[in-house]
Amino acid sequence: MKRKLMAAVGVAAMMTGLAACGGDGNDNNAAKDPKDRSESLTVWLMVDAQSTWPELVKDVNAQFNKKYPKVKVNVQYQQWADKAKKLDTALGGDKFPDVVELGNTETMQYILNGALAEIDPKKYDNSDTWIKGLKDTCTFEGKQFCVPYYAGARVAIYNKDMFKAGTGSDALPETEDELLTALDKVSAELGKKDKRASSLYLPGRYWYAAMSYVAGFGGSIAEYDEGAKEWKGNLSSPESQKGVEHFINLVKKYNKADQTKDEQDHANVMANEKAALIYGNGWESGSVTDGTNNGNPKLEGKIATAGMPGPNGKALPSFIGGSDLAVTAKSKVTDLGEEWISMFTSEKSQEVLTSKNILPNNEKQLEPLKSNPETAAVANAVPDAWFTPIAPGWTSIEKEEVLENMLLEILKGSSVADATKKADARVNELINK
């Protein structure tokens with residue numbers, strides 16, 4: 001879900017520890033009467049749960065302790081910035097979590113390292129309608145190693161006042177042609193007061209956005225060759241090149257700030273009234289106005305979300321973001337971990353998330369959000385969303401930087417053809433490791 005989370009350190013130590021453990025030492029405990037179980041269960045959740053749905057954590061722990069009154073549940077909240085490094089270190093030692101939340105871009109590395117215990121989807125509510133983009137990140141060789149937790153998608157986040165000043169309407173156009181016409185007008189209006197304000201703030205290294213345009217033109221990062229039984233880079237295909245070129249043209253025309261940056265601070269750029277439109281995660285609209293997180297409370301009520309118009313008259317395909325929950329293979333209480341996750345991702349628990357406009361892990365509960373004005377944009381972006389290659393070699397930040405470097409090379413003057421061809425060669429070198 002979050003970018004640049006993968007840590008290369010600690011993998012060898014982690015694998016050594018896993019091999020020694022095997023993760024199957026809980027059979028005798030599982031046979032005990034639940035009221036006689038007296039182990040502890042350590043759960044690592046990201047800080048999002050602590051800040052946004054703490055009541056869900058509290059209620060699930062109470063439900064769990066009603067069945068297992070002597071089991072101590074120790075929930076520890078983690079930050080995205082250093083979670084991966086902490087987890088690698090923990091899995092290489094003797095103090096590790098039994099349950100861990102993983103961004104969906106992280107899961108494959110831990111599956112391949114043997115760090116996650118296999119789970120049975122039948123033990124979890126609505127597993128037959130889990131959102132495919134999340135389920136796929138938990139699946140390897142037909143086996144399931146984690147449980148989808150919640151989904152996320154990117155949408156257009158815009159300043160209604162800025163659009164109204166430029167176009168006379170505070171509604172975002174529904175087609176890209178109409179949007180580009182509107183952006184030209186908004187740019188002209190913003191330029192009267194601030195030459196550095198962008199009608200569309202689209203950072204040049206924002207590879208998630210770039211690959212959305214690639215997907216919009218029918219391209220992809222890589223494709224699996226059934227004949228050769230391997231993945232092959234696809235960035236130099238005509239479709240992918242059209243998407244990359246389209247993205248670069250938007251960056252050059254509408255981003256009046258530093259075009260070589262990434263998207264990490266684009267919500268703050270909008271909060272500082274330097275952007276009329278950004279393409280971001282649905283939750284980032286709240287960050288724009290959140291005064292406790294460098295946001296601007298004065299913009300409350302002025303920031304809206306909508307589906308991002310894409311090429312060829314269609315919506316722009318979104319990267320499917322989200323989080324998954326897994327039981328670590330080293331855990332001595334894997335059955336307790338599975339049951340806690342089952343309670344935490346039950347249909348009832350997912351209702352708590354949907355009540356906060358968080359996308360659930362399944363299509364069944366996602367459906368009502370598609371017609372809710374507050375969630376329609378992001379909910380409708382999920383079914384056609386794209387994801388990075390589900391390939392063993394695409395598991396670390398090194399691969400993501402291939403895309404960033406490709407975009408930077410083009411911004412600095414390389415041709416799209418040369419840069420995408422070079423990127424494909426690098427993808428081929430890395431992805432089949």
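Residues numbered from 1 in each chain as written. Predicted model: local features only at pLDDT ≥ 70, side-chain atom pairs only at ≥ 80, totals over all residues. Heavy atoms only, no water.

Student: I would appreciate a short explanation of the packing of helix α4 (residues 54–67) against helix α14 (residues 334–344) in the present structure.
Tutor: Each pair of packed helices gets described by two things: the angle between the helix axes and the distance between those axes. α14 packs onto α4 with a crossing angle of 130° between their chain directions and a minimal axis gap of 9 Å. Classified by the angle their axes make, α4 and α14 are oblique. In terms of crossing hand, the pair formed by α4 and α14 is right-handed. Between α4, through Leu-56, Val-57, Val-60, Asn-61, Gln-63, Phe-64 and Lys-67, and α14, the contact on the second element is made entirely by Leu-336, Glu-339, Trp-340, Met-343 and Phe-344. Classifying every residue of the contact of α4 with α14 gives eight nonpolar, two polar and two charged. (Axes fitted to C-alpha atoms, helices over the stretch in contact; angles between N-to-C directions. Helix = DSSP H or I, 4+ residues; strand = E, 2+ residues; numbered from the N terminus. Parallel < 35°, antiparallel > 145°, perpendicular 65-115°, else oblique. Left-handed = near helix turned anticlockwise from the far one by under 90°. Contact = heavy atoms within 4.5 Å. Nonpolar A, V, L, I, M, F, W, Y, C, P; charged D, E, K, R; others polar.)

Student: Help me understand the sheet that holds strand β11 (residues 303–306) in this model?
Tutor: Backbone-to-backbone hydrogen bonds pair the strands of a sheet. The strands run either parallel or antiparallel. As summarised here, the arrangement of the three strands in space is β10-β7-β11, forming an open sheet in which the pairing is antiparallel. The open sheet is flanked by β10 (277–281) and β11, the only strands paired with a single partner. Sheet twist, expressed as the average angle between the axes of neighbouring strands with direction ignored, equals 35°. Sheet topology places strand β7 (residues 154–159) next to β10; five bridges connect them, and they run antiparallel. Bridge pairing links Val-155 to Gly-280 in β10. (Pairing = 2+ DSSP bridges.)

Student: Looking at this model, I keep getting lost on the sheet that holds strand β12 (residues 321–327). Mind explaining?
Tutor: Here five strands make up an open sheet; going across it, the order is β2-β1-β3-β12-β6 and the pairing mixed. Each edge of the open sheet carries a strand with a single partner, namely β2 (72–78) and β6 (147–152). Strand-to-strand twist in this sheet, taken as the mean axis angle between neighbours without regard to direction, amounts to 20°. As judged from the five bridges shared by β6 and β12, these two strands associate in the antiparallel manner. Bridge pairing in β12 links Pro-148 to Asp-324. Along the sheet, α4 makes contact with β1 (40–46) and β2, crossing β2 at roughly 160°. Relative to strand β3 (residues 99–103), helix α5 (residues 80–91) is tilted by about 135°, and along the sheet it contacts β1, β2, β3, β6 and β12.

Student: Which parts of the structure should I look at to understand the nonpolar core?
Tutor: One recurring pattern in soluble globular proteins: nonpolar side chains tend to sit buried together. In this structure, Phe-163, Met-211, Phe-247, Leu-277, Met-308 and Met-406 are the most contacted members of the largest nonpolar core, which totals 54 residues. Per-element accounting of this core gives the leading share, seven residues, to helix α10 (residues 207–216). Setting aside residues up to four positions removed in sequence, Phe-163 forms contacts with Tyr-158, Gly-168, Ser-169, Leu-172, Pro-173, Leu-179, Ala-182, Leu-183, Val-186, Ala-276 and Leu-277. (Core = buried A, V, L, I, M, F, W, Y, C linked by side-chain atoms within 4.5 Å. Buried < 20%, exposed > 50% of the residue type's maximum accessible area, 1.4 Å probe, protein only.)

Student: Which parts of the structure should I look at to understand α5?
Tutor: Owing to its 3.6 residues per turn, the α-helix aligns residues three or four sequence positions apart on the same side. For α5, spanning 12 residues, the distance from its first C-alpha to its last is 17 Å, which sits close to the expected 16 Å at 1.5 Å a residue. Three or more residues of α5 are buried, namely Trp-80, Lys-83, Ala-84, Leu-87, Asp-88, Ala-90 and Leu-91. Take α5 and look down its axis: the buried residues cluster within an arc of 165°, on one side only. The outward face of α5, more than 90 degrees from its buried face, is lined by the exposed residues Ala-81, Lys-85 and Thr-89. (Expected span 1.5 Å × (residues − 1). Arc of directions from axis to C-beta.)

Student: Explain the side chain of Thr-42 to me, please; I cannot follow it from the model alone.
Tutor: Residue position: Thr-42 is located in strand β1. Judged by relative accessible area, which is 15%, Thr-42 ranks as buried. Aside from chain neighbours lying at most four places away, what touches Thr-42 is Asn-74, Gln-76, Phe-96, Pro-97, Asp-98 and Val-99.

Student: Just to check I follow, could you spell out the pattern of salt bridges for this structure?
Tutor: Note on pairing: side chains with opposite charge can pair once their charged atoms come close. This model, assessed by the stated rule, comprises 20 salt bridges. When the shortest N-O distance is used, the salt bridge between Asp-184 and Lys-253 registers 3.4 Å. Taken together, the residues span a long stretch of sequence, with Asp-184 in helix α9 (residues 176–191) and Lys-253 in helix α11 (residues 238–254) at a distance of 69 residues. Look at the salt bridges and you will find they share partners, linking Arg-37, Glu-39 and Asp-335 into a network. (Salt bridge = Lys/Arg side-chain N within 4 Å of Asp/Glu carboxyl O.)

Student: Looking at this structure, I do not really get unusual backbone geometry. What am I missing?
Tutor: Trans peptide bonds make up most of the peptide bonds, and negative phi angles are found at most residues other than glycine. Here the phi dihedral of Glu-273 falls at roughly 60°; this positive angle occurs in a residue that is not glycine. With a relative accessible area of 41%, Glu-273 lands in the partly exposed category. The phi dihedral of Asn-312 is positive, around 60°, even though this residue is not glycine. Along the chain, Asn-312 turns up in the loop between β11 and β12.

Student: Would you mind showing me how to read the packing of aromatic side chains here?
Tutor: Each pair of aromatic rings is reported with the distance of its centres and the angle of its planes. For the structure shown, the criterion picks out 15 aromatic pairs. On the basis of an interplanar angle of 70° and a centroid distance of 5.2 Å, the ring pair of Phe-319 and Trp-386 is categorised as edge-to-face. Taken as a pair, Phe-319 in the loop between β11 and β12 and Trp-386 in the loop between α17 (376–380) and α18 (397–411) lie far apart in primary sequence, 67 residues in all. Of the two residues, Phe-319 and Trp-386, both sit in the buried class. Over the ring of Trp-44 we find Lys-86, and its NZ or CZ is 5.7 Å from the ring centre. A cation over a ring is seen here: Arg-154 above Tyr-208, with NZ or CZ 4.2 Å from the ring centre. (Phe/Tyr/Trp six-rings, centres within 6.5 Å; stacked < 30°, edge-to-face > 60°. Lys NZ or Arg CZ within 6 Å of the ring centre and 35° of its normal.)

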